[in-house]
Amino acid sequence: MKIGEAQKAYRQQLNLLRGQKRDFVNQREENRKKMEEAKKKSEEQGVTFEFSEAYLEREKELQEKIDELSGQIKKDEKTLDDLINQEVGIFNSIVSEQQADAMKEYGEEMAKCLEIARRISRGDHVPAQDEKKLMDFNMDIYKMAKEMAAVNMDKDAKEWESLWGEEEEKEYEDPFEASQNAETNVEMPEGMEVQTAADAGVQVSGQE
């Protein structure tokens, strides 16, 4: 299962569990309110109030459900935190790799541009695209190389081929999308299932 799918499922499950817990808390408060009303009525009538077994049993039953849901919520919150940490770890790893790759490319580009500057300054002829690369890289270095070329214009000039072949623009994967689509070994929460792609894509739905 993908990390993004798992996160979505656990968020939905947590919303459901928190809603159920609120309902039971409200029911418990209503039960307590009824007990207080019964006690007040007994005192007004001068009768000794004794808690009804029905009220006490209901209080116990509701508290057990609240505690059970609280435990499940805490467990699912930890699982969601773990999923988020997995996503962040993958995201950072991809970004670091892309930054390292970009730095490597920059270093290679700089070395080529300095070589082009050296060739130009000797009065040699380089392809127009190489001159443009140097201009785009550093105009000051390009100007100095051209000035030196003017000094060395009487020397035998060498013809150079381009240091760049046919270039294809490198595309990097989106770190967020990649981390969301990474696989995780976390199981779906109880009561949730991932429907098949035949149902118009992967969807997460709740079960009764």
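These numbers were taken from a predicted model, which means no experiment stands behind them.

Q: Give me the lowdown on the packing of aromatic side chains, citing residues and values where you can.
A: The full count for this structure, using the stated rule, is 1 aromatic pair. Where Tyr-106 meets Phe-137, the ring centres are 6.1 Å apart and the plane angle is 40°; that geometry is what we call tilted. Taken together, the residues span a long stretch of sequence, with Tyr-106 in helix α2 (residues 53-121) and Phe-137 in helix α3 (residues 128-137) at a distance of 31 residues. For Tyr-106, a relative accessible area of 46% puts it in the partly exposed group. Phe-137 sits in the partly exposed class, given a relative accessible area of 24%. Taking NZ or CZ as reference, Arg-119 lies 3.6 Å from the ring centre of Trp-160, over its face. Lying over the aromatic face of Trp-160, Lys-158 brings its terminal NZ or CZ to 3.9 Å of the ring centre.

Q: Describe in detail the side chain of Ser-179, supporting the description with residues and values.
A: Position of Ser-179 among the secondary structure elements: in helix α5 (residues 175-181). When near neighbours in sequence (up to four residues on either side) are disregarded, Ser-179 contacts Ile-3, Glu-87, Ile-90 and Phe-91.

Q: Which residues make up the environment of Gln-72, and what values go with them?
A: You can see Gln-72 is positioned in helix α2. For the pair Gln-72 and Arg-18, spaced 54 residues apart in sequence, the C-alpha to C-alpha distance is 9.8 Å.

Q: Lay out the environment of Gln-86 in plain terms, naming residues and giving numbers.
A: Note that Gln-86 resides in helix α2. Put simply, Gln-86 and Ala-182 are 96 residues apart on the chain and 9.1 Å apart in space, counted from C-alpha to C-alpha. Look past the residues within four positions of Gln-86 in its chain and what remains in contact with it is Ile-3, Thr-184 and Val-186.

Q: Report on the packing of α2 against helix α4 (residues 139-151), specifying residues and quantitative values.
A: At a minimum axis distance of 7 Å, the contact between α2 and α4 shows a crossing angle of 25°. Judged by the angle between their axes, α2 and α4 are roughly parallel. Between α2 and α4, the residues in contact are Leu-114, Ala-117, Ile-120 and Ser-121 and Ile-141, Tyr-142, Ala-145, Lys-146, Met-148 and Ala-149, respectively. Classifying every residue of the contact of α2 with α4 gives 8 nonpolar, 1 polar and 1 charged.

Q: Go over the pattern of salt bridges with me, naming the residues and quoting the values.
A: Per the counting criterion, the structure on display carries 12 salt bridges. We note a salt bridge from Arg-32 to Glu-29, for which the minimum N-O separation is 3.6 Å. In this pair, Arg-32 and Glu-29 both sit in helix α1 (residues 3-44), 3 residues apart, roughly one turn of the helix. With relative accessibility at 37%, the residue Glu-29 sits in the partly exposed group. When the shortest N-O distance is used, the salt bridge between Glu-115 and Arg-119 registers 2.9 Å. Of the two residues, Glu-115 and Arg-119 are both situated in helix α2; the distance of 4 residues between them amounts to about one turn of the helix. Note on Arg-119: relative accessible area 7%, which makes it buried.

Quick notes on the rules
Residues numbered from 1 in each chain as written. Predicted model: local features only at pLDDT ≥ 70, side-chain atom pairs only at ≥ 80, totals over all residues. Heavy atoms only, no water. Phe/Tyr/Trp six-rings, centres within 6.5 Å; stacked < 30°, edge-to-face > 60°. Helix = DSSP H or I, 4+ residues; strand = E, 2+ residues; numbered from the N terminus. Buried < 20%, exposed > 50% of the residue type's maximum accessible area, 1.4 Å probe, protein only. Lys NZ or Arg CZ within 6 Å of the ring centre and 35° of its normal. Contact = heavy atoms within 4.5 Å. Axes fitted to C-alpha atoms, helices over the stretch in contact; angles between N-to-C directions. Parallel < 35°, antiparallel > 145°, perpendicular 65-115°, else oblique. Nonpolar A, V, L, I, M, F, W, Y, C, P; charged D, E, K, R; others polar. Salt bridge = Lys/Arg side-chain N within 4 Å of Asp/Glu carboxyl O.

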